Amino acid sequence: MEVIIRPSAEQAAELVAWLIAARLRSKPDLVLGLATGRTMESVYDYLISIQRSEGLDFSHCRTFNLDEYIGVPAEDEHSYRYYMNHHLFRRINIDLANTYVPDGVAADLRAEAANYEHLIREAGGIDLQLLGIGEAGHIGFNEPLSALMSRTREKALTPVTRERNAAMFGGDPDKVPKRALTMGVGTILDSHELLLLATGGAKASILAKAVEGPITAMISASAMQLHANCKVIVDEEAARELKGRDYYDWIFHNEPEWREFRDLASASPSP
Ligand code: GLP
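Residues numbered from 1 in each chain as written. Predicted model: local features only at pLDDT ≥ 70, side-chain atom pairs only at ≥ 80, totals over all residues. Heavy atoms only, no water.

Considering the overall build of the protein chain
Summing up its helical and strand segments, the protein chain has 10 helices and 10 strands in all. Its C-alpha radius of gyration of 17 Å places the protein chain within 12% of the 18 Å reference for a compact globule of 271 residues. By principal-axis analysis of the C-alpha atoms, the protein chain measures approximately 50 × 40 × 35 Å. Residues counted as buried form 58% of the 271 residues belonging to the protein chain. Of all intrachain contacts in the protein chain linking residues separated by at least 6 positions in sequence, the fraction that spans at least 24 positions is 78%. With an accessible surface of roughly 11600 Å², the protein chain has 50% of that area assigned to carbon and sulfur atoms. (Helix = DSSP H or I, 4+ residues; strand = E, 2+ residues; numbered from the N terminus. Rg over C-alpha atoms; globule rule 2.2 N^0.38 Å. Buried < 20%, exposed > 50% of the residue type's maximum accessible area, 1.4 Å probe, protein only. Contact = heavy atoms within 4.5 Å. Areas by Shrake-Rupley, 256 points an atom, 1.4 Å probe, with all protein chains shown as cover.)

Below, the structure written as structure tokens:
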């Protein structure tokens, strides 16, 4: 795992966008795993601006989202399908038929979950999976005690998650669906590369536990420690409780793989 600390949330999101752009340039038919949440909105804004300034081409790219609320149809503005169409897909040159989000209103959710796994396998697996982290320590909607080998399935949401996501439902946690369909921790770990973005002080404590604490099903994000190609990008506030930051900073400033990403702020247009 590598942890990269950027001075601001914007610079952290920008770095994530440029990493995605670099992978897409070297593999135009990239299979990209996507995430939702407030943190990702600036990543998508940067991707759109990079597409405009650099002519980034998404026409051969396929995407798989991590999760979807159960019982919320695609056209509902609270669905993650709606979020993705609104924040990214309709603003880039991707074919909507190549974008996959689990169907939260499928008549048979178990069959939908199995089919989602099948579609990912058929696409050749996910090349790069973008991740956020919930304050309950989840990746996707893999709430505490999610098996580290779990696959796409239904999951009940914790009160913490429903509380944190209430802002998108008019501030009322009771309006947040109780269940979601989510890729499993095992599904996520099968991706060739993981890229997690966490910003803001509210994530500092859980981020430190996920990155530097023991691997535990109580914090599904800690399973990232098992992955051989995993990058965690954070801003100063989210990095606050990390103990190993001097080493992480040294890596970013000295390792050749990071050279082209060190001076982004001056190099790219803001969205
Ligand atoms: C939801 C999503 C997660 C996301 C998390 C963090 O729970 N299922 O994939 O990482 O929110 O969201 P935010 O970026 O809004 O803090």
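Things to note about the site of the ligand
In the neighbourhood of the ligand, 13 residues make up the surrounding shell, with Arg38, Thr39, Asp67, His138 and Lys203 lying closest. Within the backbone of isoleucine 133, a nitrogen or oxygen atom sits 3.4 Å from an oxygen atom of the ligand. In isolation the ligand has 390 Å² of accessible area, and contact with the protein removes 94% of it. Looking at the shell around the ligand, its residues break down into 3 nonpolar, 7 polar and 3 charged. (Near = heavy atom within 4 Å. Polar contact = N/O pair within 3.5 Å; in protein donor to acceptor, adjacent residues only side chain to side chain. Nonpolar A, V, L, I, M, F, W, Y, C, P; charged D, E, K, R; others polar.)

A short note on the sheet that holds strand β8 (residues 179-182)
Taken in spatial order, the 3 strands of this open sheet run β4-β8-β7, and their pairing is antiparallel. Bordering the open sheet on either side are β4 (67-69) and β7 (153-156), each of which pairs with just one other strand. Between one strand and the next, the sheet's axes are offset by a mean angle of 30°, whatever the strand orientation. With 4 bridges connecting them, β7 and β8 associate as antiparallel partners. Looking at the pairing, alanine 156 lines up with arginine 179 of β8. (Pairing = 2+ DSSP bridges. Axes fitted to C-alpha atoms, helices over the stretch in contact; angles between N-to-C directions.)

Here we look at the sheet that holds strand β3 (residues 62-65)
The 7 strands lie next to each other as β1-β10-β9-β6-β2-β3-β5, forming an open sheet whose pairing is parallel. Here the strands that pair on one side only, and so sit at the sheet edges, are β1 (2-6) and β5 (99-100). Sheet analysis places strand β6 (residues 128-131) next to strand β9 (residues 193-198), joined by 4 bridges and oriented parallel. Bridge pairing in β9 links leucine 131 to leucine 196.

Details of helix α3 (residues 80-87)
The buried count for α3 comes to 6 of 8 residues, which makes it a mostly enclosed element. Among all positions of α3, only Tyr80, Arg81, Tyr83, Met84, Asn85 and His87 are buried. Considering only its buried residues, α3 is in contact with β2 (31-34), α2 (38-54), β3, β4 and β5.

Quick word on the packing of helix α1 (residues 9-26) against α2
Remark: α1 packs on α2, axes separated minimally by 8 Å, with the N-to-C direction vectors making an angle of 50°. By the angle between their directions, the pair α1 and α2 is classed as oblique. As for the relative orientation of α1 and α2, their crossing is right-handed in sense. Here α1 contributes Glu10, Ala13, Glu14, Val16, Ala17, Trp18, Ile20, Ala21 and Arg25 to the contact with α2, which in turn contributes Ser42, Val43, Tyr46, Leu47, Ile50 and Glu54. For the contact of α1 with α2, the residue count by class is 10 nonpolar, 1 polar and 4 charged. (Parallel < 35°, antiparallel > 145°, perpendicular 65-115°, else oblique. Left-handed = near helix turned anticlockwise from the far one by under 90°.)

Some thoughts on the nonpolar core
In this structure, Val43, Tyr44 and Ile233 are the most contacted members of the largest nonpolar core, which totals 77 residues. The contact partners of valine 43, leaving out residues within four places of it in the chain, are Ala13, Val16, Ala17, Ile20, Leu130 and Leu197. (Core = buried A, V, L, I, M, F, W, Y, C linked by side-chain atoms within 4.5 Å.)

A few points about the environment of tyrosine 80
As for its placement among the helices and strands, tyrosine 80 is situated in helix α3. Sequence separation of tyrosine 80 and proline 102 is 22 residues, and the distance between their C-alpha atoms is 9.1 Å. Filtering out sequence-adjacent residues up to four positions away, tyrosine 80 remains in contact with Thr36, Asp67, Glu68, Tyr69, Phe141 and Asn165.

So, the pattern of salt bridges
One pass over the full model with this rule turns up 13 salt bridges. One salt bridge in this structure joins arginine 23 and glutamate 193, with 2.8 Å as the shortest N-O distance. With a gap of 170 residues between them, arginine 23 in helix α1 and glutamate 193 in strand β9 connect regions that are remote in the sequence. In this structure, the salt-bridge partner of lysine 27 is aspartate 29, at a minimum N-O distance of 3.6 Å. (Salt bridge = Lys/Arg side-chain N within 4 Å of Asp/Glu carboxyl O.)

Notes on the environment of glutamate 117
Position of glutamate 117 among the secondary structure elements: in helix α4 (residues 109-122). The class of glutamate 117 is buried, set by a relative accessible area of 8%. Linking glutamate 117 and arginine 153, residues 36 residues apart in sequence, is a C-alpha distance of 9.6 Å. Among all residues touching glutamate 117, those that are not within four sequence positions of it are Arg151, Thr152 and Thr187. Engagement of the side chain of glutamate 117 in a polar contact is seen with the side chain of threonine 152, the distance being 2.7 Å.

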